[in-house]
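Tertiary structure, described
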Amino acid sequence: MSDNGTPHGEVVGQDSDAYGATAVRLDQGHIEGTGGLPERFENPGLPAHVARMADHDEKAAKRAEKQVATLFGLSSLFTIVFVVAFFAIDRESTAFIPGIGRTSLYNVVIGVCMAIALLGVGVGAVHWAKTLMPDEESVEYRHTQRASDEDRRRVVSELTQGGTKAQLGRRPLIKYSLLGALALPPITLIVPLAAGLGPVPKDALSKTMWKKGDRLVRDPERTPIRADQVTIGSVFHVLPESIKDSQHVLEDKAKAAVLLMRLNPEDIKPQKERDWGHEGIVAYSKICTHVGCPVGLYEQQTHHLLCPCHQSTFDVTQDCKVIFGPAKRPLPQLKITVDSEGYLVADSPFREAVGPSFWERGHA
Amino acid sequence: MSTTETSRGADRLRADDATTEAPPAAGLKAVGGVAGWLDDRTGAAKPIGYLMKKVFPDHWSFMLGEVAMYSMIICLISGTFLTFWFVPSAGQVVYDGSYLPLRGVTMSEAYRSTVDISFDIRGGLLIRQIHHWAALMFIVALSVHMLRVFFTGAFRKPREINWVIGCILSMLALVEGFAGYSLPDDLLSGTGLRAAEGFMRSVPVVGSYLSYFVFDGPFPGEAIIPRLYSVHVLLLPAILVGLFVAHIGLVFVHKHTQFPGPGKTNDNVVGFPVMPVYAAKAGGFFFIVFGVLALIAALVTINPIWAYGPYDPSPVTAGSQPDWYMGFADGALRLLPGWLEFNAFGFTFSFNVMIGAILLIPVMYGLMAVYPFLERWVTGDEREHHLLDRPRNNPTRTGLGMAGLTAYGVLMFAAGNDIMAIKLGLSINDITHILRAAFFVAPPIAFWVTKRICLSLQRRDRDLVLHGRETGRIVRTADGRFFEQHEPLDEYTRWLLVQHDKHEPLQLTSGVDEHGVVSPTARKEKVRGALSRFYFEDSINPVTPAELAAAHHDGHALEAIEEAPHEESGSRPALESARREPPKRP
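None of the values given here were measured: they were computed from a predicted structure.

Of regular secondary structure, chain B possesses 20 helices and 10 strands. Sorting the 586 residues of chain B into buried and exposed places 44% on the buried side. The contacts in chain B between residues at least 6 apart in sequence include a share of 70% that link residues at least 24 apart.

Each helix and strand counted, chain A has eight helices and 14 strands in total. A globule of 364 residues ought to have a C-alpha radius of gyration of about 21 Å, yet chain A, at 40 Å, is considerably larger. Each principal axis of the C-alpha distribution contributes one length, and for chain A these read about 110 × 80 × 65 Å. For chain A, with 364 residues in total, the buried portion stands at 35%. Sequence-distant contacts, at least 24 apart, represent 55% of the contacts inside chain A between residues at least 6 apart.

This part is about the packing of helix α4 (residues 63-83) of chain B against helix α10 (residues 224-254) of chain B. Residues and elements named next belong to chain B. Contact geometry of α4 with α10 gives a least axis separation of 12 Å together with a crossing angle of 160°. It follows that α4 is roughly antiparallel to α10 by the angle criterion. Here α4 runs over α10; the crossing is left-handed. Along the contact surface, α4 presents Met72, Leu76, Gly79 and Thr83, while α10 presents Val233, Pro237, Leu240 and Phe244.

Let us now look at the sheet that holds strand β1 (residues 55-56) of chain B. With antiparallel pairing, the three strands of this open sheet are ordered in space as β3(A)-β4(B)-β1(B). Single-partner strands in this sheet number two, and they are β3 (138-141) of chain A together with β1 of chain B. In the sheet, β3(A) pairs with strand β4 (residues 268-273) of chain B via four bridges, with the strands oriented antiparallel. What sits directly across from Tyr141(A), in β4(B), is Asn268(B). Along the sheet face, helix α11 (residues 274-299) of chain B touches β1 and β4 of chain B and points at about 70° away from the line of β4(B).

This paragraph deals with the sheet that holds strand β12 (residues 333-334) of chain A. Residue and element names in this part refer to chain A. The strand order β4-β5-β6-β7-β12 describes an open sheet built from five strands, whose pairing is antiparallel. Either end of the sheet is taken by a strand with one partner, and the two such strands are β4 (216-218) and β12. Pairing between strand β5 (residues 235-240) and strand β6 (residues 258-262): four bridges, direction antiparallel. Each bridged residue has a counterpart across the sheet, and for valine 235 the counterpart in β6 is methionine 261.

Attention shifts here to the nonpolar core. Counting residues in hydrophobic clusters, the biggest one holds 176 residues, and the most contacted among them are Leu260(A), Phe138(B) and Leu293(B). With sequence-adjacent residues up to four places away left out, Leu260(A) is seen in contact with Leu216(A), Ile225(A), Val230(A), Val235(A), Phe236(A), Val238(A), Ile281(A) and Ala283(A). Listed in part, the 14 residues of the second largest apolar core include Val465(B), Leu466(B), Val543(B) and Ala551(B).

Further remarks concern the packing of helix α16 (residues 417-424) of chain B against helix α17 (residues 428-467) of chain B. All names here are of chain B. With their axes 9 Å apart at the nearest point, α16 and α17 run at an angle of 130° to one another. On the basis of the axis angle, α16 is oblique to α17. The element α16 and its partner α17 pack so that their crossing is right-handed. Across the interface between the two elements, Asn417, Asp418, Met420 and Ala421 of α16 pack against Ile428, Ile431, Thr432 and Leu435 of α17. When its residues are assigned to classes, the contact of α16 with α17 shows five nonpolar, two polar and one charged.

Our next topic: the environment of Asp312(B). All names here are of chain B. Its location among the elements puts aspartate 312 in the loop between α12 (305-308) and α13 (327-335). In this structure aspartate 312 comes out as buried when scored by C-beta crowding, with 22 C-beta atoms within 10 Å. As a C-alpha pair, aspartate 312 and leucine 243 span 69 residues in sequence and 37 Å in three-dimensional space.

With that settled, consider the confidence of the model for chain A. When the pLDDT values of chain A are averaged, the result is 87; 90% of them are 70 or greater. Of the regions scoring below 50 in pLDDT, residues 1-33 of chain A engages in 62 contacts with residues more than four places distant in sequence or in other chains.

Attention now goes to the interface of chain A and chain B. In this assembly, 106 residues from chain A lie in contact with 119 residues from chain B. If you list the elements that add at least two residues to the side of chain A that touches chain B, you get α3 (105-131), β3, α7 (249-256) and β11 (321-324) of chain A. Sort the elements by how many residues they give to the side of chain A that touches chain B and α3(A) lands first, with 17 residues. Looking at the side of chain A that touches chain B, its residues break down into 57 nonpolar, 32 polar and 17 charged.

It is worth spelling out the pairing of β4(B) at this point. All names here are of chain B. With five of its six residues buried, β4 lies for the most part within the structure. Here β1 runs beside β4; their pairing, made up of two bridges, is antiparallel. Looking at β4, one finds that phenylalanine 56 is bridged to phenylalanine 272.

Note that an α-helix has 3.6 residues per turn; residues three or four places apart therefore point the same way. At Ala438(B), α17(B) is deflected by roughly 45°, the largest bend along its length. Gly468(B) sits one or two positions beyond α17(B) and adopts a positive phi of about 70°.

It is worth spelling out the confidence of the model for chain B at this point. All names here are of chain B. Summing up the model confidence of chain B, the mean pLDDT is 87 and the portion of residues at 70 or higher is 88%. Low pLDDT (under 50) marks residues 1-8, which in the prediction has 20 contacts with non-local residues, meaning those over four places away or in another chain. What the predictor reports for the complex is a pTM of 0.88 with an ipTM of 0.87.

Attention shifts here to the environment of Ile302(B). Along the chain, Ile302(B) falls in the loop between α11 and α12. Between the C-alpha atom of Ile302(B) and that of Val231(B), which follows or precedes it by 71 residues, the distance is 23 Å.

Once that is clear, we can look at the pairing of β6(A). Residue and element names in this part refer to chain A. Within β6, five of the five residues are buried, which leaves the element mostly enclosed by the surrounding structure. By the alternation rule, side chains of β6 split into Val258, Leu260 and Arg262 and Leu259 and Met261, which are all buried. Inspection of the sheet shows β6 paired to strand β7 (residues 281-285) by five bridges, in the antiparallel sense. By the bridge assignment, leucine 259 is partnered in β7 with tyrosine 284.

As a further point, take unusual backbone geometry. Residue Phe219(B) is joined to Pro220(B) through a cis peptide bond whose omega torsion reads -5°. Following the sequence through the fold, Pro220(B) ends up in the loop between α9 (207-215) and α10. Phi at Asp319(A) is positive, roughly 60°, even though this residue is not glycine. Following the sequence through the fold, Asp319(A) ends up in the loop between β10 (313-315) and β11. A positive phi angle, near 65°, is found at Lys255(B), a position not held by glycine. The residue Lys255(B) is located in the loop between α10 and β4 in this model.

Reading the values: the criteria
Residues numbered from 1 in each chain as written. Chains lettered and ligands numbered in written order. Predicted model: local features only at pLDDT ≥ 70, side-chain atom pairs only at ≥ 80, totals over all residues. Helix = DSSP H or I, 4+ residues; strand = E, 2+ residues; numbered from the N terminus. Buried ≥ 20, exposed ≤ 12 C-beta atoms within 10 Å, placed from the backbone. Contact = placed C-beta atoms within 7 Å. Rg over C-alpha atoms; globule rule 2.2 N^0.38 Å. Axes fitted to C-alpha atoms, helices over the stretch in contact; angles between N-to-C directions. Parallel < 35°, antiparallel > 145°, perpendicular 65-115°, else oblique. Left-handed = near helix turned anticlockwise from the far one by under 90°. Pairing = 2+ DSSP bridges. Core = buried A, V, L, I, M, F, W, Y, C linked by C-beta atoms within 7 Å. Nonpolar A, V, L, I, M, F, W, Y, C, P; charged D, E, K, R; others polar. pLDDT = per-residue confidence, 0-100. Bend = angle between axes of the 7 residues up to and from the residue.

Right under this line is the structure:
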């Protein structure tokens, strides 16, 4: 056993017949006591250093030197190629690159040149370090992080002495007023920031620009829609006609966007949905009641509306109630009718807040 | 053993070396002059000399943090380039640049300038793509670095503070990334901001105010782009760089951890000095990371904002997804069921959104940040640890880590439920239901499986130490029996398998003193005892020299022996054998 350096106890009366047969008990005298065996193995220390080729073969070292120099040279060369390509290549030109497809030749060439210029330095330096720089391990010793007891005591005593010298303990008036003086002044920054960030929402989140008599217009053409143009199975992305006078188009659009669909009236289950529509034409807010993505996907056959962000699914035949996904509330319905010229108009504003939920939503 | 000195190899080898110092060349003298001038004025020679001699251990996994650091620096460099052309304004303009499909389209200045960077600024597209890829690489690298630190126990004393700093860095990196990809104001990023506005509204009581304050009024408004810009290029980078400096400073203070191995102890660092080896390796590695990112940016398009079009609240594209690191939060939002929203007292509680969008990230990072303190309390271990654990040698920690990673993975998969449904031809409803269940079921399974694998690996380590390698050589004895020769491990190989500490659950007193008074901390200690058992009750301990001696003596059958409890009378410890069994637990 000693040939592999195992520390071991004295083995008494080694019996080859016992091989694989019986358990060995130290108290039967096979091994003396704990046999002088330590609790744990000992760290054998660093293994002997194995020299690299370049360490003892000057030819190998020379080869490594050439490799490093080639890499560094390649880097410089491609920096020059980069500059030439940067000005020489037409930026509109494209090229077909296998595995990637048709792409901008300009971007590929200057990018690859840049990559080679950088990789040349990097790989060269690492190769240099690995082949020619010393690779014998050094050992550095650690010290515990804590300072000596003496140092710790000195710091504590200096702190307390400092406090005493400043009479912090004896002058409670200063101590407590100082706390306030340190804690409060940041408020002079926080208040203007908080107050200046934005207006208070009031009831703005609960209102859209839809009002009674507002025509439904196509988005983005902004042309009004006649009821007879809406065929069964079709879907229109709709805005209020008054959006043309809006000062804040995106903000108004973010609340007022509506989807218009025509279903076979028999397919519509709730009476309210039929009443708020017009001959099977129904309008629903397009803003998801989950976190506000536009509910853009309409499944013609099942009459399901799907939000592409988090897959909330609304059933148009059941007043857009949620049949799957993380949203809770149905999409709000816009009550519509037709005006004297046969165009679809809103019959009333939205009766509830559109879009994502918020705390005081029920108070709208 | 003759090898009691721990630093045998390198030191002895170096002692024999002839000094190779050549007389300084003329060029070096000039440097000495400049250095001397500087040192006269700063006294920098001493700290710089100390830094140059500092030893760092070598292991491929120590490069992960380096990749993160370099990616961050590359982000700073490429980001500065982008600020020269990017216009952080939501002001509406009509595009008339060189990208024909968008001519005449009304868009924000932010979007137009991003399209201009992509098509009209020479090299702009390359730098933009380097910036985006570097940001992705930054978060990939820091996440994997974090996993390395966790699974090897590098967060243990004295490095808990640095672990917490790392957690904050990681969390802020997510926010920084989100702020960055929201800036171009294209349809995809605008949809992301639209959702973010919905997240803010879900906060109880102040949600709608929060939204109005952040967006300066109704969504989208004109304030969010310049505000995010200021956060993205000034506020968060300053905090990130500050924390990063503290992070790396503490690495210098603590000296780097090292993996266990022959010659490596808890009191030393075995590796290579900064000058010249790490200066060349780490310096070169910066260029390699930069080069690889440039290559990716040259060949692989990322975030082609010109294809999405400018932001408009009405249209949306199917398959909308955030960058990968926000995937888990997006996935959580897809899994949280709608019934978590309810009305009470006339107010709306929108937990279906708030749990995933507002609480998840701080809770996740909070749990990670407190873990070192929890483990220290459970183990009662107040020692400093500079030697890393092999993950198998702490099966419970490794199992917990894998459970957490599995939960994260389920959420990440959930963010792609629509893509999976299309690509795999499955029902999105089924996928979502399965992932909802998997979020609760999969982590415990992962914990159990990982722990069993770790224990098996530990048993295999024991087996290797006790019986050596099977050589495949069959020997026939004089009396006609056959056996296979086993080759014992050499002491260096063996050391790696036996070096770790023995783990045992804490032995706790009853918590009742001799007068029958229950200690005020009894309940706490009971919890601690239970947790300690959870961690260590089935731990497998390294082979001891006595066990090896017994195994050698008994050939193949005897794998473990156990001493009877030592008694002060000095009675002989009894040995007990166990066939193919781990040692019995106290």
